[in-house]
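Given next are the chains, with one letter for each unit.
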Amino acid sequence: MRTRRVVVAVVTVTLSAIAWWVPAVVAQAAPGTVKFDPTVVDPQASIKAAAAAFKQAQAIDNFRPSKTAWGDPDISGYYLVSTYTPLQRPERLKDKAFFTEQEAIAELTRVIQADAKVDPRDVHYDWKEYGMDGWQSPIRPSLRTSLIVDPANGRLPSLTPEAQARRAERAAAARARSPEAGVRTLESFYTRCIMGNAGGAPLVRGGNPDPASTVGSEAGVTAEIQIVQSPGYAVIITESNYDARIVPLDRRPHPPSTVRTWLGDSQGHWERDTLIVETTNFNDKKPGTNFQGATENLKMTERFTLINPTTIKYEYTIEDPHTWMQPWSAAALIPRIPPPLYEFACHEQNYGLMNVVTGAQIREKEAIEKGQPIGGFGAGAER
């Protein structure tokens, strides 16, 4: 349900650097007509390029960004926000918060090799056919073992009893649903092209911990954002359904709780060189689109700090007392990229829709017949 895009999805990780990439349309060019970038077509070349550039884009001590004409720190530009670093630290890594350089390269090799494979039994789009897989660029290893930095164990806090009951109710409803009647795929506002993949979520989301979906959502095809600044405002544009958050910077209060939107209400201000954006008033409509199954009480606080001319340190804190027992925080580095944003077009009558739905129904029915939990894309997966 997505049309072709002529951009390579470049992965943003803890040691990211600006990525000078070529349009991925070359992956479809006739032999002999275009000189191929080997990192776009060869996973091993991508791994070698990442290892060779490992120490680029470090933070610069006492770095101060340039100013806009009206005096704000200038962080405007285009950035990539995908990552292979999982949201939560895999249990196999226990209390290990950072990799060594060698371990980071080995981990990157593992996830790239997994991401480059396509299992024909899965309901999927072959993104790499269009140069859109996360590894199809000069990516960088990450020393962090998880995006989550607080709690210190790198994992989500415990769910509240209320949240556990909500998830159990959804799981029971999924098991009782007839696969022939419909699939979870169509219940998502993202796959129905109504909202972008980042709706109600931080810009860098990461994936799930091992063994569930070690790659899946970690380095997806929604990779680009644009930050636009003007006197008194900042705009954050996410190129997935072209969602835009308009952020006033005058410390005005959030609207009353009766006013709610799919993307929430974002209000921002500057603290020295850091842009702080607080988002509340998320929608309580169903199907829920809020991050990680949070409620309309979700509060997301983001911090954007330019640490060198080409890299933003992006941090966010998530709070929802109706979902988690305590707030939690994550961090990542995101690099600048050359302009422009390429359209991530979407429509509901895509030629692949019937095949996706049919395949999802078959896989879901098989899982139910075997008494297995319903999961994975198109089969009741949490989005």
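Residues numbered from 1 in each chain as written. Predicted model: local features only at pLDDT ≥ 70, side-chain atom pairs only at ≥ 80, totals over all residues. Heavy atoms only, no water.

Enquirer: Can you walk me through the overall build of the protein in this structure?
Expert: Helices and strands together make up the secondary structure of the protein, namely 5 helices and 10 strands. Put simply, the protein has 383 residues, and 51% of those count as buried. Sequence-distant contacts, at least 24 apart, represent 69% of the contacts inside the protein between residues at least 6 apart. As displayed, the protein has an accessible area near 18,000 Å², and 55% of this comes from carbon and sulfur atoms. (Helix = DSSP H or I, 4+ residues; strand = E, 2+ residues; numbered from the N terminus. Buried < 20%, exposed > 50% of the residue type's maximum accessible area, 1.4 Å probe, protein only. Contact = heavy atoms within 4.5 Å. Areas by Shrake-Rupley, 256 points an atom, 1.4 Å probe, with all protein chains shown as cover.)

Enquirer: Would you explain the pattern of salt bridges in this entry?
Expert: Two side chains bearing opposite charge may form a pair once their charged atoms approach each other closely. Tallying each qualifying case throughout the model produces 13 salt bridges. Among the ionic pairs, Glu-162 bridges to Arg-166, the shortest N-O distance being 3.5 Å. Placement of both Glu-162 and Arg-166 in helix α4 (residues 161-176) is noted, with a separation of 4 residues, approximately one turn of the helix. For Asp-250, the salt bridge goes to Arg-252, with nearest N and O atoms at 3.0 Å. Judged by relative accessible area, which is 45%, Asp-250 ranks as partly exposed. Relative accessible area serves as the criterion here: at 35%, Arg-252 is assigned to the partly exposed category. (Salt bridge = Lys/Arg side-chain N within 4 Å of Asp/Glu carboxyl O.)

Enquirer: Which parts of the structure should I look at to understand the environment of Phe-304?
Expert: As for its position among the elements, Phe-304 is in strand β8 (residues 299-308). Taking the C-alpha atoms as reference, Phe-304 lies 9.8 Å from Leu-333; in sequence the two are 29 residues apart. Each residue touching Phe-304, except ones within four places of it in the same chain, is listed here: Ile-75, Leu-203, Ile-227, Ile-236, Asp-273, Thr-274, Leu-275, Val-277, Ile-312, Lys-313 and Tyr-314.

Enquirer: Explain the side chain of Gln-229 here, please?
Expert: Positionally, Gln-229 belongs in strand β3 (residues 224-230). When its relative accessible area of 13% is taken as the criterion, Gln-229 is described as buried. A polar contact of 3.0 Å, which involves the side chain of Gln-229, links it to the backbone oxygen of Pro-73. Polar contacts involving the side chain of Gln-229 include one to the main-chain amide nitrogen of Ile-75, which spans 2.7 Å. Contacts of Gln-229, omitting those with residues within four sequence positions, involve Thr-68, Trp-70, Asp-72, Pro-73, Asp-74, Ile-75, Ser-76, Ala-234 and Trp-270. (Polar contact = N/O pair within 3.5 Å; in protein donor to acceptor, adjacent residues only side chain to side chain.)

Enquirer: I'm lost on unusual backbone geometry in this one. Help?
Expert: Backbone torsion omega between Asp-150 and Pro-151 reads 10 degrees, so that peptide bond is classified as cis. Along the chain, the position of Pro-151 falls in the loop between β2 (148-150) and α4. Pro-339 connects to Pro-340 through a cis peptide bond whose omega is 0 degrees. The phi torsion at Asn-62 lies on the positive side, around 60 degrees, for a residue other than glycine. Here Asn-62 shows up in the loop between α2 (43-52) and β1 (77-80). Taking relative accessible area as the criterion, Asn-62 reaches 75% and is therefore assigned exposed. One non-glycine residue, Gln-292, adopts positive backbone phi at about 55 degrees. On the secondary structure map, Gln-292 appears in the loop between β7 (274-280) and β8. In this structure Gln-292 comes out as partly exposed when scored by relative accessible area, which is 23%.

Enquirer: It is not clear to me how the packing of aromatic side chains should be interpreted in this structure. Could you clarify?
Expert: For any pair of aromatic rings, geometry is given as the distance between the ring centres together with the angle between the planes. As enumerated under the stated definition, the model contains 5 aromatic pairs in all. Taken together, a centroid distance of 5.2 Å and an interplanar angle of 55 degrees make the contact between Phe-304 and Tyr-314 tilted. Pair noted here: Phe-304 is in strand β8 and Tyr-314 is in strand β9 (residues 311-319), with a separation of 10 residues, a long-range link. Phe-304 sits in the buried class, given a relative accessible area of 0%. Given the relative accessible area of 0%, Tyr-314 is considered buried. Arranged with centres 5.6 Å apart and planes meeting at 80 degrees, the rings of Trp-324 and Trp-328 form a pair that is edge-to-face. The burial state of Trp-324 is the same as that of Trp-328; both residues are buried. In this structure an aromatic cluster arises from ring pairing among Phe-291, Phe-304, Tyr-314, Tyr-316, Trp-324 and Trp-328. (Phe/Tyr/Trp six-rings, centres within 6.5 Å; stacked < 30°, edge-to-face > 60°.)

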